[in-house]
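# Results of the structural survey
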Amino acid sequence: MADRILMKGNEAIAEAAIRAGCRHYFGYPITPQTEIAAYMAKKMPKIGGVFLQAESEVASINMVYGAAAAGVRVMTSSSSPGVSLKAEGLSYIAGSDVPALVVNVQRGGPGLGGIQPSQSDYFQATKGGGHGDYRMIVLAPASVQEMASLTMKGFDLADKYLITSMILADGTIGQMMEPITFEDSEPTVYEKPWALTGTECKRPHNVVNSLYLKPEELEKKNFDRYEKYRVIEENEPMWEEYMMEDADLCVVAFGIASRVAKNAVAEARKQGIKVGLIRPITLWPFPTKALRAAADKVKGFISVELSMGQMIEDVRLATESKKPVSLCNRAGGMIPTPDEVLAAIVKAEKGEF
Amino acid sequence: MATVFEKPKSLTDAPFHYCPGCPHGIIHRLVAEAIDELGIEGKTIGVAPVGCAVMAYDYFSCDMIEAPHGRAPAVATGIKRSRPENIVFTYQGDGDLASIGMAETVHSAARNENITVIFVNNAIYGMTGGQMAPTSLPGQVTQTSPYGRDVNHCGWPIRVSEMLATLEGPEYITRVAVNNVKNVKNAKKAIKKAFQNQIEGKGFSLVEVVSACPTNWGMTPKQALEWIESDMLPYYPLGVFKDRTEKGGCAQ
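All of these numbers come straight from a predicted model, not from anything done at the bench.

Here the focus is the overall build of chain A. Counting secondary structure elements, chain A contains 12 helices and 15 strands. Here the C-alpha atoms of chain A give a radius of gyration of 21 Å, agreeing with the 20 Å that 2.2 N^0.38 yields for 353 residues. Oriented by its inertia axes, the alpha-carbon framework of chain A measures out at about 70 × 50 × 45 Å. Counting all 353 residues of chain A, 54% fall into the buried class.

Turning to the overall build of chain B, a few remarks are in order. What chain B contains, in helices and strands, is 10 helices and 7 strands. Relative to the 2.2 N^0.38 estimate, which gives 18 Å for 252 residues, the radius of gyration of chain B is 17 Å and therefore close to what a compact globule would have. Overall, chain B is about 50 × 50 × 30 Å in size when its C-alpha atoms are taken along their principal axes. A burial count over chain B gives 56% of its 252 residues as buried.

The next subject is the interface of chain B and chain A. Across the boundary between the two partners, chain B contributes 29 residues, which contact 34 residues of chain A. Within the residue set of the side of chain B that touches chain A, elements represented by two or more residues are β1 (44-48), β2 (63-66), α3 (72-82) and α5 (102-110) of chain B. In terms of residue count, the dominant contributor to the side of chain B that touches chain A is α3(B) (8 residues). Taken together, the residues of the side of chain B that touches chain A sort by class into 13 nonpolar, 8 polar and 8 charged. Bridge analysis of strand β9 (residues 207-208) of chain A against β2(B) gives 2 bridges, and the strand direction is parallel. Looking at the pairing, A:Val208 lines up with B:Ile65 of β2(B).

With that settled, the discussion passes to the sheet that holds strand β11 (residues 249-252) of chain A. Residue and element names in this part refer to chain A. Reading across the sheet, the 5 strands line up as β10-β12-β11-β14-β15 and stay open at both edges, with mixed pairing between neighbours. Across the chains shown, the open sheet's two edge strands, defined by having one partner strand only, are β10 (239-242) and β15 (325-329). Direction aside, neighbouring strands of the sheet carry axes that sit 20° apart on average. Inspection of the sheet shows β11 paired to strand β14 (residues 301-305) by 3 bridges, in the parallel sense. Bridging across to β14, Val251 finds its partner in Ile302. In the packing of helix α9 (residues 255-270) onto the sheet, the strands contacted are β10, β11, β12 (275-280) and β14, and the crossing angle to β12 comes to about 165°. Each of β11, β12, β14 and β15 touches helix α12 (residues 338-349); the most contacted strand, β15, lies at about 160° to it.

Here we take up the packing of α9(A) against α12(A). All names here are of chain A. Following both chains from N to C, one finds α9 and α12 inclined at 55°, their axes separated by 8 Å at the closest point. With respect to their mutual orientation, α9 and α12 come out oblique. You can see that α9 and α12 cross each other, and the crossing is right-handed. The residues of α12 that touch α9, namely those facing Val260, Ala261, Asn263, Ala264, Glu267 and Ala268, are Pro338, Val341, Leu342 and Ile345.

If you look at the biggest cluster of nonpolar residues, it comprises 185 residues, and the most contacted ones within it are A:Val251, A:Ile345, B:Ile118 and B:Val209. Broken down by element, the residue count for this core peaks at 9 residues, all from helix α3 (residues 57-69) of chain A. The residues that make up this core include at least three from each of domain 1 (4-199 + 221-235) and domain 2 (240-349) of chain A. Apart from the residues within four sequence positions on either side, A:Val251 is in contact with A:Ala261, A:Val265, A:Val275, A:Leu277, A:Ile302, A:Val304 and A:Ile345.

Consecutive side chains of a regular strand alternate in pointing toward one face of the sheet and then the other. All names here are of chain A. The side-chain alternation of strand β2 (residues 24-27) yields two buried faces, one formed by His24 and Phe26 and the other by Tyr25 and Gly27. As judged from the 4 bridges shared by β2 and strand β3 (residues 50-53), these two strands associate in the parallel manner. Of the residues in β3, the one forming a bridge with Phe26 is Leu52. Note that the unit made of β2, helix α2 (residues 34-43) and β3 has a crossover that is right-handed. As paired strands, β2 and strand β4 (residues 74-78) are joined by 2 bridges and run parallel to one another. Within β4, the residue paired with Tyr25 across the bridge is Met75.

In this section: the sheet that holds strand β5 (residues 100-106) of chain A. The strands making up a sheet associate through hydrogen bonds between their backbones, and the pairing can be parallel or antiparallel. All names here are of chain A. One open sheet holds the 7 strands; their spatial order is β3-β2-β4-β5-β7-β6-β13, and the pairing between them is mixed. The open sheet is flanked by β3 and β13 (282-284), the only strands paired with a single partner. Averaged over all neighbouring strand pairs, the angle between strand axes comes to 20°, with direction disregarded. Pairing between β4 and β5: 4 bridges, direction parallel. Note that in β5 the partner of Ser77 across the bridge is Val103. Running at roughly 175° to β5, helix α1 (residues 9-19) makes contact with β4, β5 and β7 (164-170) of the sheet.

Further remarks concern the domain arrangement of chain A. Residue and element names in this part refer to chain A. Per the domain assignment, the segments of chain A are domain 1 (4-199 + 221-235) and domain 2 (240-349). Computed from C-alpha coordinates alone, the two centres of domain 1 and domain 2 are separated by 27 Å. Across the boundary between the two partners, domain 1 contributes 26 residues, which contact 22 residues of domain 2. Broken down by secondary-structure element, the contributors of at least two residues to the side of domain 1 that touches domain 2 are α5 (122-127), β6 (137-139), β7, α7 (171-175) and α8 (215-235). Take the side of domain 1 that touches domain 2: its biggest share by element is 4 residues, from α5. For the side of domain 1 that touches domain 2, the residue count by class is 15 nonpolar, 8 polar and 3 charged.

Residue and element names in this part refer to chain A. Where α3 contacts helix α4 (residues 80-96), the two axes come as close as 7 Å, and the packing angle between them is 25°. The angle between the axes of α3 and α4 places the two elements in the roughly parallel class. Here α3 runs over α4; the crossing is right-handed. Every residue of α4 that contacts α3 at Glu57, Val58, Ile61, Asn62, Val64, Tyr65, Ala68 and Ala69 is listed here: Gly82, Leu85, Lys86, Glu88, Gly89, Leu90, Tyr92, Ile93 and Ser96. A breakdown of the residues in the contact of α3 with α4 according to their chemical character gives 10 nonpolar, 4 polar and 3 charged.

About the criteria used
Residues numbered from 1 in each chain as written. Chains lettered and ligands numbered in written order. Predicted model: local features only at pLDDT ≥ 70, side-chain atom pairs only at ≥ 80, totals over all residues. Helix = DSSP H or I, 4+ residues; strand = E, 2+ residues; numbered from the N terminus. Rg over C-alpha atoms; globule rule 2.2 N^0.38 Å. Buried ≥ 20, exposed ≤ 12 C-beta atoms within 10 Å, placed from the backbone. Contact = placed C-beta atoms within 7 Å. Nonpolar A, V, L, I, M, F, W, Y, C, P; charged D, E, K, R; others polar. Pairing = 2+ DSSP bridges. Axes fitted to C-alpha atoms, helices over the stretch in contact; angles between N-to-C directions. Parallel < 35°, antiparallel > 145°, perpendicular 65-115°, else oblique. Left-handed = near helix turned anticlockwise from the far one by under 90°. Core = buried A, V, L, I, M, F, W, Y, C linked by C-beta atoms within 7 Å. Domains from an automatic or database assignment. Right-handed = clockwise from strand over helix to strand, strands pointing away.

Here it is as structure tokens:
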């Protein structure tokens, strides 16, 4: 049994990445994720890895693009305004089908926003952010333990599907400390015959590229990529259900919001309200089947979010709007209290959505 | 029978898409010859820009990647830091390197990133049809400076080599031209040295190649080569602006 150790969420991401075989980190300072870069700056030189502070977010994501194309496990991390700057590179990485891990420890927005926790980059992470038809696997940790385990899983999914895995965390989980366990396991090594390694004059040259001037070719690339996305949607959704067995109300929340919501659900149960929680762990692929199945059982949903209501659109889509969905939200760095969520549950119990 | 002339191994058989009279073909060939002569084809990785040379990945037979506009030095940094044993070069135009990618250019030079940069300066955006570049000359007529580049309105052209040479970081910064045989021969020497420096681990080497764009300059190829001599070279003088080794400096 591995040791339990006390770690900050951001440090857990960094340590997990190293344990997953990541030896290349490129980043640019921004609050509230700086501990990741600091951890990497300290550790990487000692283990033969590379930590490089780039001149900008734009440069750092393009260094990630180059390193990913060269076949190594590579990551960057940032927070909301910085991730906007990375959008160009994310689109190129998607269009070139190379694997990378990108962390967004979200803060309030838009614009420079604030430095307190937020979930308002849900649209950016799950619907695009950069240009063109593309998806990223979006993993939403709700604990320091999951900051670590989803980082490791994110690298595997990225290599398996040649896609970007994004850890969509928030400032709270990034900054808080919890005891966690690292399982002793060797990282899976994936063959990368497409990587830029030099031909050694023994094979035709590899080209990593997203330019296809013939529309028929570009269309085929898009259709092929969406077939890959369909497989991911089929096989990779992850979610947690809490007290859903007999529930006739369903709270939907991810990340730090789900921690608050869980307390509210437990409190509501004490008051005799049959409410449960579905916590999406993958935001893309969204756990559509779980939500759709719940829609046949419950009388309504409550989407609890640290935004003006972004995931709620996916809840409505997943449930085909068969049941009403209300929004319980705070924004700009504010976090709802369990009482606020409980009040929304009580309201929903009375049929008010 | 002795072979007196052949296509470099480092070029593929794909025909260039460049306009008649465009020196990109010459510069591609010089790069390929340097790679061949140094025997590094099998371990070279090239980074194509956005611009006229965007499809350079079809022309060079080594492993290639296509970078976002201006980001080639950052992409090259990612590759080189992952595979230091490989030889990594970028091939960029003036819009790519000196406008949208200036930050990536300056900082990769400041880090003395051990890469080779081929910078083709033809004072215009070619691919998009002839707009004003950061290196367009004062008074130069382009699609977006139809009355001639007015320096009071949009500033002065940037001498990239001179500017980068002020940095402590880079190993080798030089400007060459491809407007006559003598200059082409010198350009070849500079390009080869820029790759040799990387092999020896010396660091950032940039060769600025003053080139022509007959199509967008509205000139015949011959007139364009003459315009390099009469108008480009007085503003962009040829020479070595930084060579740390020559100064007996501090190569790593």
